[in-house]
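# Chain and residue survey
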Amino acid sequence: MPATPGEPFLDGYLPYLLRQADQAISAAFYDVLTREGVPRSDWRVLAVLHEYRELSIRELTHHSLSPQPTVTHSVRRLEGRNLVRRVQGTDDKRQRFVSITKGGDLLTATLVAEAKQLEQEALRRANLVDLEQLALGLKQLTIGVTETPHDTTPLPAAPPD
């Protein structure tokens with residue numbers, strides 16, 4: 001349903017509000033990443049590997065919510081810093097697996113602790129106490145959207161000018 005003239009659209013548009021909340025909550029942590037010399041795309045790769053230990057590039061792309069070229073560039077940078085390592089697949093020599101090194105794991109554990117602390121501070125300032133319920137709702141929303149086929153019905157053509 002289109003917004004009524006004069007009625008704010010963005011103030012009630014969930015994707016916009018989620019992005020706005022992401023930016024507000026993440027701002028302090030982005031400063032931490034900058035201080036540590038870790039680009040955001042590299043952080044996503046490290047955080048995923050910290051949790052999953054070793055993944056194929058395809059799996060890493062999926063879990064980091066990043067495009068494959070971005071993940072590949074991040075892996076190269078992180079490998080250069082000895083924070084991750086790539087190994088060739090045993091069944092398919094073209095396949096590459098990426099794992100986190102001990103140094104990468106230590107750095108990521110420190111960053112995770114700082115991220116959690118900053119998240120708690122942000123939630124406290126916003127008087128949000130039930131993070132589990134909010135997270136559950138967002139997970140359910142994501143599952144509902146990704147498991148429901150998208151409506152591919154074309155929008156009606158705009159009237160000629």
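Presented here is an overview of the structure given in this document.

The rules behind each value
Residues numbered from 1 in each chain as written. Predicted model: local features only at pLDDT ≥ 70, side-chain atom pairs only at ≥ 80, totals over all residues. Heavy atoms only, no water. Pairing = 2+ DSSP bridges. Helix = DSSP H or I, 4+ residues; strand = E, 2+ residues; numbered from the N terminus. Axes fitted to C-alpha atoms, helices over the stretch in contact; angles between N-to-C directions. Contact = heavy atoms within 4.5 Å. Core = buried A, V, L, I, M, F, W, Y, C linked by side-chain atoms within 4.5 Å. Buried < 20%, exposed > 50% of the residue type's maximum accessible area, 1.4 Å probe, protein only. Polar contact = N/O pair within 3.5 Å; in protein donor to acceptor, adjacent residues only side chain to side chain.

In this section: the sheet that holds strand E3 (residues 96–100). Spatially, the 3 strands line up as an open sheet ordered E1-E3-E2, and their pairing is antiparallel. In the strand order of this sheet, the two ends are held by strand E1 (54–56) and strand E2 (84–88), each with one partner. Here the strands of the sheet are splayed against their neighbours by 25° on average, with no regard to which way each runs. Note: E1 against E3, 3 bridges, orientation antiparallel. Within the sheet, the bridge partner assigned to Leu55 lies in E3 and is Val98. Here helix H4 (residues 68–80) sits on the sheet in contact with E2 and E3, set at roughly 115° to E2.

This part takes up the nonpolar core. Membership of the largest hydrophobic core comes to 23 residues, with the highest contact counts inside it found for Leu46, Leu49, Leu60, Val75 and Leu111. Elements with a minimum of two residues in this core: helix H1 (14–36), helix H2 (40–52), helix H3 (57–64), H4, E3 and helix H5 (102–125). Considering every element that reaches this core, the biggest residue donor is H2, with 5 residues. The residues contacting Leu111, other than those within four sequence positions of it, are Phe29, Val32, Leu33, Glu36, Val38 and Trp43.

Relative to the helices and strands, Arg77 is located in helix H4. Take Arg77: its relative accessible area is 39%, and that puts it in the partly exposed class. Between the C-alpha atom of Arg77 and that of Val38, which follows or precedes it by 39 residues, the distance is 9.7 Å. Polar contacts involving the side chain of Arg77 include one to the side chain of Ser41, which spans 3.2 Å.

Along the chain, Thr101 turns up in the loop between E3 and H5. A polar side-chain atom of Thr101 sits 2.7 Å from the main-chain carbonyl oxygen of Asn82. Those residues in contact with Thr101 that sit more than four places away from it in its chain are Asn82, Leu83, Val84 and Arg85.

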